[in-house]
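Coordinate inspection notes
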Amino acid sequence: MSVITTERQGDIFVITSNNPPVNALGAAVRQGLDAAMDELAGDESLKAAVIRCEGRTFFAGADITEFGKAPVGPDLRQVIDKIEASDKPVVAAIHGTALGGGCEVALGCHYRIAIPSAVIGTPEVKLGLLPGAGGTQRIPRLAGVALALQMNAIGDPIPAAKAKEAGLIDRLATEGQLAEDAIAFAREIAYARPLPRASEKQAKPDPQAIEDFKAKNARRFKGFDAPAANIACVEAATRLPFEEGMAFERQEFMKLMMGVQSAAQRHIFFAERKAAKIDDVPEDTKLREIRKVGVIGAGTMGGGISMNFLSAGIPVTIVEMQQDALDRGTGVMRKNYEGSAAKGRIKPEAVEKAMGLLTPTLSLDDLADCDLIIEAVYENMEVKKELFGKLDAIAKPGAILASNTSYLNIDEIASATSRPGDVVGMHFFSPANVMKLLEVVRGAKTAKDVLATVMAIGKRIKKVPVVSGVCPGFIGNRMLSQRQQAANAMLMQGATPQQIDKVHTDFGMPMGPFQMSDLAGVDIGWHRDESRIESIRDALCAEGRWGQKKQAGFYDYDENRRPSPSPRVAEIIEEFRAKSGNDKRDTSDEEIVERTLYPMVNEGAKILAEGMAQRASDIDVVWIYGYGWPVYRGGPMFWANTEGLAKIVAGLEKHGYEVAPLLKEKAEKGERFA
Ligand code: T1G
């Protein structure tokens, strides 16, 4: 069955794409569109055409799987040029997500009609690219510079109604009758002349809009190549004739396509989707129904975890031991929602809607009707085992019992119940209502339908779930600990927290090891014995330097939590260095990269070899969504490929590390992590 079919509705030619799952504009689709346009031109009885798609969406873009392969004609630009050059009007009938090349095909048509639920956009920048088939040239001509900048350089789609207001769409169809409305629209304009062509319009220069946009987004764009290229193309559209503008766009597109950043961002696009699949759990596994969730603990984590479900419209029963803790926790949740509403991130009515789904209680027995229960109590094995023993007696049959532990052994926790198959780890990252990563920790006995259900509910609450095996620290924190150990060791040779952190922020991380420690709390895991000072961390904690929350940690903080190097910390470090007998010496930025990032890759190789992660790309997803690894570097394992595995092995050996066999083997064979 051809992916492009055509039919005649009287004198209207209906061209339909049927290329699941998202009508990506692969070679067969382009060839079919090209042939259909020739047929339209060659048949006098045809007066106009409609281009539409079957399935859930209008073309959702070029076929990203084709990138990097030998090009197969016709190129998308040629197809779009042929549509626009047609002397018979062509109407784009838009539903779903008309994205990237799909948006560009629509803009090459003379008219566009969309159902109200459709969105249209050019998200190529999120793949480290730019719209390479005229999007940067036609959008400014149809809708002006400001919207073109927003669509191209930020990449978020806009709803059909807004697109209509902006002049990108001509008409809104009735939901459920797009095809009929599109054909009627084509009949209506079949003889209208001149045919409106975006390429023939002028894009009004707006240098101020460009400057304002750059200034407003400087922080967001830091380190990325693609946003600036998108901006340059939009600017070119305001001063170059269309063909020259298209040549400029092509030149900029190819530069990005050939660059590492786009390869990294496309890698993460597919890696995120692969991570959702569990190799030995069939995709059609029947899921357990999750109608109601129980959360134990109303602290920072419990409150954040609860918000994820409440925001998705899922009722939550939240349990605390003391009324004041319960009130404090629910108060923080309300404050968070109200803060989001004040910033316009959610509608005001969403606050009451979410809080209205929350049932605070002091009794575990109130969890008896929950389908999923997540504990976020004190990180102590005995505490958790005792709690799971109680839950075993309270929870209904089939309820999923999940722990938010960040490193404790799920199998041991499961052993405290009579239903280990229902026990799983759901490790959220703080702040749990913000960070997208969810490590789904698979116990030895965790049932397959429990895993499938937790992966699905993870996606439903807008998380990016990644399966981890049971090992200390799972995937992310196990690698993080390697980084922290190395960073602490370099303090003992005279490196400073700010020097080490700067190497990481220059690399593209949102913060370095010590800034992160201050944010999370230097006192996490501290033995709380002020008289016992065996490490720099002990010394800081003993002096109340517990991090940002105490306006002092590795850094001093002002009332706005702005950090500054601390002379007191420098003294503490110097005392420990002197005691350690290590000579003070210069530490180069290169050494900091080698000593903090290479061991992370080494640990990632061990995690892979032990089967604690299904894929190297899963490890990349963990670091992008759990720790803010710069997406334009593709995650630690992708970055290792670009750094060169042999170089990493040599660096590890230079610094006395034992190289993971899998890493060594790949380096020797010249292989890469997939
Ligand atoms: N090409 C190839 N496969 C794609 C694809 C694409 N453009 N988009 C999605 N898929 C696959 C995806 O990998 C998954 O596969 C399945 O479709 C369902 O996707 C010249 C250069 C459309 C909003 O960036 O944003 O056009 O895992 O799980 O959550 O200027 O997919 O099932 O095997 O994401 O409902 C620009 C990318 C491309 C849009 C649907 N377009 N896609 O979300 O499903 S570059 C994009 C999305 C370009 C031109 C330029 C989303 C979606 P599998 P999914 P979803």
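For clarity, every value in this text was computed on a predicted model and none was experimentally measured.

1. Concerning the site of the ligand
Arg56, Ala62, Glu104, Glu124 and Arg273 are the nearest of the 26 residues found near the ligand. Note that an oxygen atom of the ligand is positioned 2.9 Å from one of the side-chain N or O atoms of Arg56. Here Gly132 contributes a backbone N or O atom positioned 2.9 Å from an oxygen atom of the ligand. The fraction of the free accessible surface of the ligand (1,000 Å²) that becomes covered by protein chains is 75%.

2. Here we look at helix 8 (residues 207-221)
Along helix 8, the sharpest change in direction is near 40 degrees and occurs at Ala215. Within the sequence span of helix 8, burial applies to Ala209, Ile210, Phe213, Asn217 and Phe221. Tucked inside the fold, the buried residues of helix 8 contact helix 5 (145-154) and helix 9 (226-237). Positive phi shows up at Gly223, right after helix 8, with a value of about 95 degrees.

3. Points about the packing of aromatic side chains
One pass over the full model with this rule turns up 15 aromatic pairs. Judged by centre distance (6.0 Å) and plane angle (65 degrees), the ring pair of Trp629 and Trp639 falls under edge-to-face. One end of the pair, Trp629, is in the loop between helix 24 (616-627) and helix 25 (636-643); the other, Trp639, is in helix 25, with 10 residues separating them in the sequence. No difference in accessibility class separates Trp629 from Trp639, as the two residues are buried. Of the aromatic side chains, those joined through ring pairs into one cluster are Phe429, Phe507, Tyr598, Trp623, Tyr627, Trp629 and Trp639. The ring of Phe576 is capped by Lys579, whose NZ or CZ atom sits 4.3 Å from the centre of that ring. The ring of Phe507 has Arg633 sitting right over it, with the charged end atom 4.1 Å from the ring centre.

4. A short note on the nonpolar core
Within the largest apolar cluster, 71 residues are counted, with the highest numbers of intra-cluster contacts made by Ile15, Leu33, Ile51, Phe58, Phe59, Ile94 and Leu168. Broken down by element, the residue count for this core peaks at 7 residues, all from helix 5. In this view, Leu33 contacts Ile4, Ile15, Leu25, Ile51, Phe59 and Val79; residues no more than four positions away in its chain are not counted. Listed in part, the 66 residues of the second largest apolar core include Ile573, Ile592, Ala613 and Val659.

5. Some points on the sheet that holds strand 16 (residues 437-441)
Strand order in the open sheet formed by 8 strands is 12-11-10-13-14-15-16-17, and the pairing between neighbours is mixed. Across the chains shown, the open sheet's two edge strands, defined by having one partner strand only, are strand 12 (358-361) and strand 17 (464-468). Taken over all neighbouring pairs, the strand axes of this sheet differ in orientation by 25 degrees on average, direction set aside. With 5 bridges joining them, strand 16 and strand 17 adopt parallel strand pairing. Each residue of the ladder has a partner; that of Leu437, found in strand 17, is Val464. Strands in contact with helix 17 (residues 448-460) are strand 13 (372-375), strand 14 (400-403), strand 15 (423-428), strand 16 and strand 17; relative to strand 15, the strand with the most contacts, it is inclined by about 25 degrees.

6. Regarding unusual backbone geometry
Glycine aside, residues mostly have negative phi angles, and peptide bonds mostly take the trans form. Looking along the chain, the bond that leaves Pro20 and enters Pro21 is cis, with omega of 5 degrees. A cis amide bond, omega 0 degrees, links Arg193 with the succeeding residue Pro194. Tracing the backbone shows Pro194 in the loop between helix 7 (178-189) and helix 8. Residues other than glycine seldom take positive phi values, yet Gln551 does so here, at roughly 55 degrees. Within the element layout of this structure, Gln551 appears in the loop between helix 21 (536-542) and strand 18 (555-557). Judged by relative accessible area, which is 44%, Gln551 ranks as partly exposed. The phi torsion at Arg561 lies on the positive side, around 60 degrees, for a residue other than glycine. Mapped onto the elements of the fold, Arg561 is located in the loop between strand 18 and strand 19 (563-565). For Arg561, a relative accessible area of 43% translates into the label partly exposed.

7. A closer look at the UniProt feature "domain: 3-hydroxyacyl-CoA dehydrogenase NAD binding" (unreviewed entry) in the chain
Summarizing the sequence annotation, UniProt attributes the feature "domain: 3-hydroxyacyl-CoA dehydrogenase NAD binding" (unreviewed entry) to residues 292-468 in the numbering used throughout. As annotated, residues 292-468 has a helix share of 41% and a strand share of 20%, and its two end C-alpha atoms lie 25 Å apart.

8. Describing the pairing of strand 16
Taken across its 5 residues, strand 16 has 5 buried, putting it largely inside the fold. Residues Leu437, Glu439 and Val441 of strand 16 are buried on one face, and the alternating residues Leu438 and Val440, pointing to the opposite face, are buried as well. With 4 bridges joining them, strand 15 and strand 16 adopt antiparallel strand pairing. What sits directly across from Met426, in strand 16, is Val440. As for the winding sense of the linkage, the β-α-β connection from strand 16 through helix 17 to strand 17 is right-handed.

9. Quick notes on the UniProt feature "domain: 3-hydroxyacyl-CoA dehydrogenase C-terminal" (unreviewed entry) in the chain
Feature annotation in UniProt assigns "domain: 3-hydroxyacyl-CoA dehydrogenase C-terminal" (unreviewed entry) to the following positions: residues 473-557. Helix makes up 49% of residues 473-557 and strand 4%, with an end-to-end C-alpha separation of 29 Å.

10. Quick notes on the sheet that holds strand 5 (residues 97-99)
Sheet architecture is open: 3 strands sit in the order 5-7-8, paired in mixed fashion. The strands lining the two open edges of the sheet, one partner per strand, are strand 5 and strand 8 (158-159). Running over the sheet, helix 3 (residues 101-108) touches strand 5 and strand 7 (119-121) and is turned about 85 degrees from strand 5.

11. Thoughts on the pattern of salt bridges
What the rule picks out here adds up to 56 salt bridges. Glu66 is the salt-bridge partner of Arg30, the closest N and O atoms lying 3.0 Å from each other. Of this pair, Arg30 sits in helix 1 (residues 27-42) while Glu66 sits in the loop between strand 3 (48-53) and helix 2 (76-85); the two residues are 36 residues apart in sequence, bridging distant segments of the chain. When the shortest N-O distance is used, the salt bridge between Glu54 and Arg52 registers 3.3 Å.

12. Some details on a positive patch on the surface
The grouping of Arg56, Arg273, Lys277 and Lys459 at the surface amounts to a positive patch. Tracing the backbone shows Arg56 in the loop between strand 3 and helix 2. On the basis of relative accessibility, which here comes to 59%, the residue Arg56 falls in the exposed class.

13. Topic: the pairing of strand 1 (residues 4-9)
Pairing geometry for strand 1 and strand 2 (residues 12-17), over 6 bridges, is antiparallel. When the sheet's bridge partners are listed, Thr5 is paired in strand 2 with Thr16.

14. Concerning helix 2
Of the positions making up helix 2, those classed as buried are Leu76, Val79, Ile80, Ile83 and Glu84. On an axial view of helix 2, the arc spanned by its buried residues comes to 130 degrees, and they lie on one face. In this structure, the buried residues of helix 2 make contact with helix 1, strand 3, strand 4 (90-94), helix 3 and helix 4 (135-143). Its side-chain oxygen 2.6 Å from the backbone nitrogen of Arg77, Asp75 forms the N-cap of helix 2.

15. So, the domain arrangement of the chain
Splitting the chain by domain gives domain 1 (4-258), domain 2 (293-475) and domain 3 (494-586). Measuring from the centre of the C-alpha atoms in domain 2 to the corresponding centre in domain 3 gives 31 Å.

Parameters at a glance
Residues numbered from 1 in each chain as written. Predicted model: local features only at pLDDT ≥ 70, side-chain atom pairs only at ≥ 80, totals over all residues. Heavy atoms only, no water. Near = heavy atom within 4 Å. Polar contact = N/O pair within 3.5 Å; in protein donor to acceptor, adjacent residues only side chain to side chain. Areas by Shrake-Rupley, 256 points an atom, 1.4 Å probe, with all protein chains shown as cover. Bend = angle between axes of the 7 residues up to and from the residue. Helix = DSSP H or I, 4+ residues; strand = E, 2+ residues; numbered from the N terminus. Buried < 20%, exposed > 50% of the residue type's maximum accessible area, 1.4 Å probe, protein only. Contact = heavy atoms within 4.5 Å. Phe/Tyr/Trp six-rings, centres within 6.5 Å; stacked < 30°, edge-to-face > 60°. Lys NZ or Arg CZ within 6 Å of the ring centre and 35° of its normal. Core = buried A, V, L, I, M, F, W, Y, C linked by side-chain atoms within 4.5 Å. Pairing = 2+ DSSP bridges. Axes fitted to C-alpha atoms, helices over the stretch in contact; angles between N-to-C directions. UniProt positions renumbered as here; feature names shortened; annotations may be inferred. Right-handed = clockwise from strand over helix to strand, strands pointing away. Salt bridge = Lys/Arg side-chain N within 4 Å of Asp/Glu carboxyl O. Patch = residues over 30% accessible without salt bridge, like charges linked within 9 Å, V, L, I, M, F, W, Y side chains within 5 Å. Lys, Arg positive; Asp, Glu negative; His and termini not counted. Charge placed at Lys NZ, Arg CZ, Asp CG, Glu CD. Arc of directions from axis to C-beta. Domains from an automatic or database assignment.

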